[in-house]
Amino acid sequence: MGKKVAIVGAGVSGLAAIRCCLEEGLDPICFERSNDVGGLWNFSSRAEEGRASIYQSVFTNSSKEMMCFPDFPYPDDFPNYMHHSKLQEYITSFAQKKGLLRYIQFETLVSSIKKCSSFLTTGQWVVVTEKEGKQESALFDAVMICSGHHVYPNMPTDSFPGLEHFRGKCLHSRDYKGPGAFQGKKVLVIGLGNSASDIAVELSRLATQVIISTRSGSWIMSRVWDDGYPWDMVYVTRFASFLRNILPSFVSDWFYVKKMNTWFKHENYGLMPLNGPLRKEPVFNDELPARILCGMVSIKPIVTKFTETSAVFEDGTMFEAIDCVIFATGYGYAYPFLDDSIIKSRNNEVTLYKGIFPPQLEKPTMAVIGLVQSLGAAIPTADLQARWAAKVFTNTCVLPTTNEMMDDIDEKMGKKLKWFGQSHTLQTDYITYMDELSSFIGAKPNIPWLFLTDPQLALEVFFGPCSPYQFRLMGPGKWDGARNAILTQWKRTVKPTRTRAVGEAQRPRHLYDLLRMLFFPVFFLTVLLTFY
C-alpha cells in the first residue's frame, strides 16, 4: 500500500474517503468514536457528546436517485424519501459490499492532530487516538476530516435578554428525540430550518400550542413536485442550472421567487423570507402549510426578550405560559482535535479552497470532506470531494499556489454573498460545484460529445436529473453501469409508488419542460425590449 491516510469519522463522508483512498492505492485508517458506521444517520435514542444526533421521525430531503453513491444505486423497492433507518441500512450495505469495514477502528476517539516536526518537508501529521482509556500516537502522510458539522449545537442564549430568568425548559433541537414528553405543553420553537419545521409539525399533534419564531423567514418546499416526481429530480438539472446562470439576475430572481411561491403564497402564511431572491437552502416540509392553515402552528417574528413565563416578539405580541423553548438554531463548525487556525485561517471564518483544502498549509496533505452545503445531496458531493483529495495526496492532481487559492476563495465568497447571504457562506451551487470538482480529475461529463455519440444519453444527462451516476460516467474511476443507471432512473423512481398499476408510467417530457421554462423569461425580455 501507499501513503498512510488518517480518516476522522465513518459517516458517509468517511466511507467515501476510505473507498477513494483505496482506489488511488493509499492506505486508509478510519477512526470512529461510535460502534457503527453511518455518522449522522446512525440513530441513538439519546444525544451523545461529540456525535451528531437526529430525532426518531427524520426522513431524507433528497430522493434516493439523487443521494446514492455514484456506483451503488439503492434497491428498486426502496422508497424515494427514506426514513433514517432505511438510509442506515443502505450505508451499512455499501460499507460491507465495498469491503470498507476492515479499515475502520470503532470506539476510537481522535484526541489531537498536529503537524509533525518535519512537516515542512514531509507534510506528515501526528494523530493521537484514545480507546478504552488508552492513548496511542501514530504518524500519517495525510489526513481527511470527515466528522461532519452537526455535532456542536449553536445556542445563541446571549441574543435573548431575560432568558436566564425563564422558568420553563430550554433545549437544542439536537436533544429532541420525539414528541411524547410535550403532550399538553405550550412550546416555542426558535428557528425555521428543516429541524425546526419537522419538530413543530410533529409537536402540533400533541402539544396545546406551538409557535415558530423566525428572524428572516424561509421558503417552504414540498418533496413532491411536477407530475408527482421528487423535487430534486425535477429541479436539479443541468438545463435549469444553465438557465439560472445565463439569465440576467433580475429575471433569474423573479423566476426563482415565482417558482418558490407556486405551491402557496408565503406572505399569506408569515413565511416570506426578508430577502426572497437569496438562494439560501429552502425548508422541505409537506405538512407545515397545512398545520398553519389548520391553526395548529403559528409563525411569529424574532423574540426580543423573555420573562419568567413568556416571550415577547418583535411585533409587540406575547406568548404566555410557555412550558418549553426549543432552539433549532443550527450548529457551529468546530474540530476540537485540530488547531483552529488551520481551518479558520482568516477572520475566524472557515477558509478552505473549494471547501476542502486549507490554503495556508505548506503541504497539501489535509482535506475536509463533507463541510460544503448545497442544494444537492451530501453523498455524491462527498464522493467527488474525496476522489479529488485522494488524487492530490498521490500527486496525480496538483493544487494552485497559496495566493491563487486565496484569490479563488475571495472571488467565490463575493458570489456566495450575492446568492446566499452572509450567514450561508459555506453554501454553493450544486451542479456548478460538482462540475468544477469533476473537471479537476477528468470526470466531468462531456455533453457536446455525448450529443454527437449517444443522443439518448445526452438528453437524459442535460435535461434530466443531475444524478450522481453522471460523475462516474467517464474519465478516471468511471463505472460501467453508469449509462444504464441514468437511462433507468425514472423506472426506479416510480417502482415503489406504482404498487397499484394503473396504465403506463408517465415519463417526464423534456421538450415540453424546455418550452415551458423558456416561456416566461423570453416573454419578460420581449416586453422589456418592446418598451425600450
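Bear in mind that the values here come from a model prediction, so they are computed numbers and not experimental data.

## Points about the overall build of the protein chain
Then, in step 1: Secondary structure summary: the protein chain contains 17 helices and 22 strands in total.
Then, in step 2: Against the globule reference of 24 Å for 532 residues, the protein chain gives a C-alpha radius of gyration of 24 Å, in line with a compact fold.
Then, in step 3: Overall, the C-alpha framework of the protein chain stretches about 65 × 60 × 55 Å when taken along its three principal axes.
Then, in step 4: Counting only residues that meet the buried cut, the protein chain has 53% of its 532 residues in that class.
Then, in step 5: Here the contacts in the protein chain between residues at least 6 apart in sequence split such that 69% fall between residues at least 24 apart.
Then, in step 6: Summed over all atoms, the accessible surface of the protein chain reaches about 23900 Å², with 53% contributed by carbon and sulfur.
Then, in step 7: Distance between charge centroids for the protein chain: 3 Å, based on 56 positive and 53 negative side chains.

## Concerning the domain arrangement of the protein chain
Then, in step 1: Domain annotation for the protein chain reports domain 1 (4-151 + 333-398) and domain 2 (154-222 + 281-330).
Then, in step 2: Each side of the interface is counted separately: domain 1 has 18 residues, and domain 2 has 12 residues.
Then, in step 3: Carbon and sulfur atoms make up 48% of the surface buried where domain 1 meets domain 2, a total of about 1100 Å² over both sides.
Then, in step 4: Ranking the residues of domain 1 by area buried against domain 2 places Tyr55, Asn61 and Leu375 at the top, with a combined share of 52%.
Then, in step 5: Across the domain 1-domain 2 interface, the total number found is zero salt bridges.
Then, in step 6: Taken together, the connections running from domain 1 to domain 2 amount to 10 residue pairs in polar contact (both at pLDDT 80 or more).
Then, in step 7: Considered class by class, the residues forming the side of domain 1 that touches domain 2 number six nonpolar, eight polar and four charged.

## Examining the nonpolar core
Then, in step 1: Tyr90, Met144, Phe357 and Trp388 are the most contacted members of the largest nonpolar core, which has 124 residues in total.
Then, in step 2: When residues of this core are assigned to their parent elements, the largest contribution, nine residues, is made by helix H10 (residues 378-393).
Then, in step 3: Formed jointly, this core draws a minimum of three residues from each of two domains, domain 1 (4-151 + 333-398) and domain 2 (154-222 + 281-330).
Then, in step 4: Counting 23 residues, the second largest nonpolar core, distinct from the first, contains Phe119, Val127, Val143 and Val350.

## Describing the environment of Val127
Then, in step 1: You can see Val127 is positioned in strand E5 (residues 125-131).
Then, in step 2: We classify Val127 as buried; its relative accessible area is 2%.
Then, in step 3: Sequence-wise, Val127 and Val143 are 16 residues apart; in three dimensions their C-alpha atoms are separated by 8.9 Å.

## Thoughts on the pairing of strand E18 (residues 324-327)
Then, in step 1: By the alternation rule, side chains of E18 split into Cys324 and Ile326 and Val325 and Phe327, which are all buried.
Then, in step 2: Bridge count between strand E9 (residues 169-172) and E18: four bridges; the pairing is parallel. Among the inter-strand pairings, His172 is bridged to a residue of E18, identified as Phe327.
Then, in step 3: Looking at chain direction, strand E10 (residues 186-190) and E18 are connected through four bridges and run parallel. The residue bridging Val187 from the neighbouring strand is Cys324, located in E18.

## As for the pattern of salt bridges
Then, in step 1: All chains considered together, the criterion is met by 20 salt bridges.
Then, in step 2: Arg205 is paired through a salt bridge with Glu287; the nearest N and O atoms lie 2.2 Å apart. Of this pair, Arg205 sits in the loop between helix H4 (194-203) and strand E11 (209-213) while Glu287 sits in the loop between strand E13 (283-284) and helix H8 (288-293), placing them 82 residues apart in sequence.
Then, in step 3: On the basis of relative accessible area, Arg205 is assigned to the partly exposed category, the value being 46%.

## Notes on the pairing of E5
Then, in step 1: Inspection of the sheet shows strand E4 (residues 109-115) paired to E5 by six bridges, in the antiparallel sense. Its bridge partner being in E5, Lys115 is matched across the sheet by Trp125.
Then, in step 2: The pairing of E5 with strand E6 (residues 134-140) spans seven bridges and is antiparallel. Residue pairing across strands places Val126 opposite Leu139, the latter belonging to E6.

## Re the environment of Val189
Then, in step 1: One can find Val189 in strand E10.
Then, in step 2: Judged by its relative accessible area of 0%, Val189 falls in the buried class.
Then, in step 3: Along the backbone, Val189 and Leu457 are 268 residues apart, and their C-alpha atoms lie at a distance of 46 Å.

## Looking at the sheet that holds E9
Through backbone hydrogen bonds, the strands of a sheet pair up, either in parallel or in antiparallel fashion.
Then, in step 1: Spatially, five strands are ordered E9-E18-E10-E11-E14 in an open sheet, and the strand pairing comes out parallel. In this open sheet, the two edge strands, each paired with only one partner strand, are E9 and strand E14 (297-300). Averaged over all pairs of adjacent strands, the angle between strand axes in this sheet comes to 20°, irrespective of strand direction.
Then, in step 2: Of the pairings in the sheet, the one linking E10 to E11 comprises five bridges and is parallel in character. Paired with Val189 across the strands is Ile212, a residue of E11.

## Observations regarding the side chain of Ser467
Then, in step 1: Relative to the helices and strands, Ser467 resides in the loop between helix H14 (455-463) and helix H15 (482-487).
Then, in step 2: Separated by 2.7 Å, the side chains of Ser467 and Gln489 make a polar contact.
Then, in step 3: Those residues in contact with Ser467 that lie beyond four places of it in its chain are Glu65, Met66, Ile486 and Gln489.

## Section: the sheet that holds strand E20 (residues 366-368)
Then, in step 1: Within the open sheet, the five strands sit side by side as E3-E2-E1-E7-E20. Their pairing is parallel. The sheet is open, and its two edges are formed by strand E3 (104-105) and E20, each paired on a single side.
Then, in step 2: Running over the sheet, helix H1 (residues 12-23) touches strand E1 (4-8), strand E2 (27-31), E3 and strand E7 (142-145) and is turned about 170° from E1.
Then, in step 3: On top of the sheet, H10 reaches E1, E7 and E20; it is set at about 170° to E7, its chief contact.

## Structural notes on the packing of H1 against helix H2 (residues 84-97)
Then, in step 1: Running from amino to carboxyl end, H1 crosses H2 at an angle of 15°, the nearest separation of the two axes being 11 Å. For the element pair H1 / H2, the angle class is roughly parallel. When the axes of H1 and H2 are compared, the crossing they make is left-handed. Contacts from Val12, Leu15 and Arg19 in H1 reach Ile91, Phe94 and Ala95 in H2.
Then, in step 2: In terms of residue class, the contact of H1 with H2 is made up of five nonpolar, no polar and one charged.

Cut-offs used in this document
- Residues numbered from 1 in each chain as written.
- Predicted model: local features only at pLDDT ≥ 70, side-chain atom pairs only at ≥ 80, totals over all residues.
- Heavy atoms only, no water.
- Helix = DSSP H or I, 4+ residues; strand = E, 2+ residues; numbered from the N terminus.
- Rg over C-alpha atoms; globule rule 2.2 N^0.38 Å.
- Buried < 20%, exposed > 50% of the residue type's maximum accessible area, 1.4 Å probe, protein only.
- Contact = heavy atoms within 4.5 Å.
- Areas by Shrake-Rupley, 256 points an atom, 1.4 Å probe, with all protein chains shown as cover.
- Lys, Arg positive; Asp, Glu negative; His and termini not counted.
- Charge placed at Lys NZ, Arg CZ, Asp CG, Glu CD.
- Domains from an automatic or database assignment.
- Buried area = accessible area lost by both parts, 1.4 Å probe.
- Salt bridge = Lys/Arg side-chain N within 4 Å of Asp/Glu carboxyl O.
- Polar contact = N/O pair within 3.5 Å; in protein donor to acceptor, adjacent residues only side chain to side chain.
- Nonpolar A, V, L, I, M, F, W, Y, C, P; charged D, E, K, R; others polar.
- Core = buried A, V, L, I, M, F, W, Y, C linked by side-chain atoms within 4.5 Å.
- Pairing = 2+ DSSP bridges.
- Axes fitted to C-alpha atoms, helices over the stretch in contact; angles between N-to-C directions.
- Parallel < 35°, antiparallel > 145°, perpendicular 65-115°, else oblique.
- Left-handed = near helix turned anticlockwise from the far one by under 90°.

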